[in-house]
Amino acid sequence: GAVVSQHPSWVICKSGTSVKIECRSLDFQATTMFWYRQFPKQSLMLMATSNEGSKATYEQGVEKDKFLINHASLTLSTLTVTSAHPEDSSFYICSARDRALRTQYFGPGTRLLVL
Amino acid sequence: GESVGLHLPTLSVQEGDNSIINCAYSNSASDYFIWYKQESGKGPQFIIDIRSNMDKRQGQRVTVLLNKTVKHLSLQIAATQPGDSAVYFCAENKNFGNEKLTFGTGTRLTIIP
């Protein structure tokens, strides 16, 4: 149980394009999903907290117009990197919190490379 | 300020030996802790968790110890295997109403065959 999937697992795109990443909880309902960014050999940096049916809460320094988050259902959240630039290249990881528990379960991550 | 830090950034252990990974936290309000394992190129994998009303919790080959007096958390892995090689993160949660996790910097564990 507690499986979280992400799609795509990796993406290469040209500068200026938008990229959408999907995060799904496969066997549980997640009232809250989280989006993280991770640079090589570093810890996870929380970007935003996404609650089903409401606007996401962004961490300080994260541009909400740059990183659009939608949490349309209890099993799906999406992160759209708009007008991506090379500095947006990173490893993006989502997590989902089971509505009955405090544990966050992570997806496998999406590696984004912007050329 | 609040922080969850690890004492050692790297740790090498002979296969079959036991390993101990340590974590210090500074927020006394934290009442829930999780250990994650992250292999290269993958997302963090839940290993074990512990609440502040416990001192010790055991799983399969893993034990988490919590010392609230000195704000210290440790992960013990018994009879290490090559597949245990990964980066291990501790994470804390302050209270049930605050859903965010604060992550430590991570410890890279290398199992020597």
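Participant: What's the story with the pattern of salt bridges in this structure? I'm lost.
Facilitator: Two side chains that carry opposite charge are able to pair once their charged atoms sit near each other. All names here are of chain A. A full pass over the atoms with the stated rule returns seven salt bridges over all chains. For Lys66, the salt bridge is made with Asp88, and the minimal N-O distance between the two is 2.7 Å. Within this pair, whereas Lys66 is found in the loop between strand S6 (57-58) and strand S7 (67-73), its partner Asp88 is found in the loop between strand S8 (76-81) and strand S9 (90-98), the two being separated by 22 residues in sequence. For the pair shown, Lys66 and Asp88 are each scored as buried.

Participant: Is there a simple way to explain the sheet that holds S8(A) in this structure?
Facilitator: Two modes of strand pairing occur in sheets, parallel and antiparallel, and in both the strands are linked by backbone hydrogen bonds. Residues and elements named next belong to chain A. Ordered in space as S1-S3-S8-S7, the four strands form an open sheet in which the pairing is antiparallel. The two strands at the open ends of the sheet, each matched to only one other strand, are strand S1 (4-7) and S7. Strand-to-strand, the axes of this sheet are offset by a mean angle of 15°, without reference to chain direction.

Participant: Quick question: what am I supposed to make of the pairing of strand S3 (residues 19-25) of chain A here?
Facilitator: Within a regular strand, side chains alternate between the sheet's two faces. Residues and elements named next belong to chain A. Only one face of S3 is covered, namely the face carrying Val19, Ile21, Cys23 and Ser25; the face carrying Lys20, Glu22 and Arg24 is uncovered. As judged from the six bridges shared by S3 and S8, these two strands associate in the antiparallel manner. Directly across from Cys23, in S8, lies its bridge partner Ser77.

Participant: Help me understand the interface of chain A and chain B in this model?
Facilitator: Listed by partner, the interface residues are 22 residues for chain A and 23 residues for chain B. Looking only at chain A, the three residues that lose the most surface to chain B are A:Ser43, A:Arg102 and A:Phe106, adding up to 37% of its buried area. Its salt-bridge partner being B:Lys100, residue A:Glu59 comes within 2.8 Å of it at the nearest N-O pair. At the boundary of chain A with chain B, the tally comes to nine residue pairs in polar contact (both at pLDDT 80 or more). Secondary structure elements with two or more residues in the side of chain A that touches chain B: strand S4 (30-38), strand S5 (44-51), S9 and strand S10 (104-106) of chain A. For the side of chain A that touches chain B, the residue count by class is nine nonpolar, nine polar and four charged.

Participant: Just checking my understanding: could you explain the state of the cysteines for this structure?
Facilitator: Put plainly, two cysteines are in a disulfide when a covalent bond ties their sulfur atoms together. Considering all chains together, one arrives at two disulfides over all chains under this definition. Disulfide pairing is shown between A:Cys23 and A:Cys94; the S-S distance is 2.0 Å. For the disulfide bridge between A:Cys23 and A:Cys94, the dihedral angle about the S-S bond is near 80°, and by the sign convention the bridge is right-handed. Within this pair, whereas A:Cys23 is found in strand S3, its partner A:Cys94 is found in strand S9, the two being separated by 71 residues in sequence. Put simply, B:Cys23 and B:Cys90 are joined by a disulfide, and their sulfur atoms are 1.8 Å apart. A torsion of 50° about the S-S bond marks the disulfide between B:Cys23 and B:Cys90 as right-handed. Of the two residues, B:Cys23 is situated in strand S3 (residues 19-25) and B:Cys90 in strand S9 (residues 86-93); the sequence distance between them amounts to 67 residues. A disulfide-free cysteine, A:Cys13 has its sulfur positioned 18 Å from the sulfur of A:Cys94, the nearest such atom. Here A:Cys13 falls in the buried class, since its relative accessible area comes to 9%.

Participant: Could you clarify how one ought to interpret a nonpolar patch on the surface in this entry?
Facilitator: Among the surface-exposed residues, A:Trp10, A:Ile12, A:Leu113 and A:Leu115 lie close enough to one another that they form a single nonpolar patch of about 450 Å² accessible area. As for its placement among the helices and strands, A:Trp10 is situated in strand S2 (residues 10-13).

Participant: Help me understand the side chain of B:Lys37 in this model?
Facilitator: All names here are of chain B. With respect to the helices and strands, Lys37 occurs in strand S4 (residues 32-38). Comment: no salt bridge for buried Lys37; closest opposite-charge side chain is Asp84, at 4.4 Å. At 2.6 Å, the side chain of Lys37 and the backbone oxygen of Gly83 are in polar contact. When near neighbours in sequence (up to four residues on either side) are disregarded, Lys37 contacts Gly43, Pro44, Gln45, Ile47, Gly83, Asp84, Ala86, Val87 and Tyr88.

Rules and cut-offs
Residues numbered from 1 in each chain as written. Chains lettered and ligands numbered in written order. Predicted model: local features only at pLDDT ≥ 70, side-chain atom pairs only at ≥ 80, totals over all residues. Heavy atoms only, no water. Salt bridge = Lys/Arg side-chain N within 4 Å of Asp/Glu carboxyl O. Helix = DSSP H or I, 4+ residues; strand = E, 2+ residues; numbered from the N terminus. Buried < 20%, exposed > 50% of the residue type's maximum accessible area, 1.4 Å probe, protein only. Pairing = 2+ DSSP bridges. Axes fitted to C-alpha atoms, helices over the stretch in contact; angles between N-to-C directions. Contact = heavy atoms within 4.5 Å. Buried area = accessible area lost by both parts, 1.4 Å probe. Polar contact = N/O pair within 3.5 Å; in protein donor to acceptor, adjacent residues only side chain to side chain. Nonpolar A, V, L, I, M, F, W, Y, C, P; charged D, E, K, R; others polar. Disulfide = S-S within 2.5 Å. Patch = residues over 30% accessible without salt bridge, like charges linked within 9 Å, V, L, I, M, F, W, Y side chains within 5 Å. Areas by Shrake-Rupley, 256 points an atom, 1.4 Å probe, with all protein chains shown as cover. Lys, Arg positive; Asp, Glu negative; His and termini not counted.

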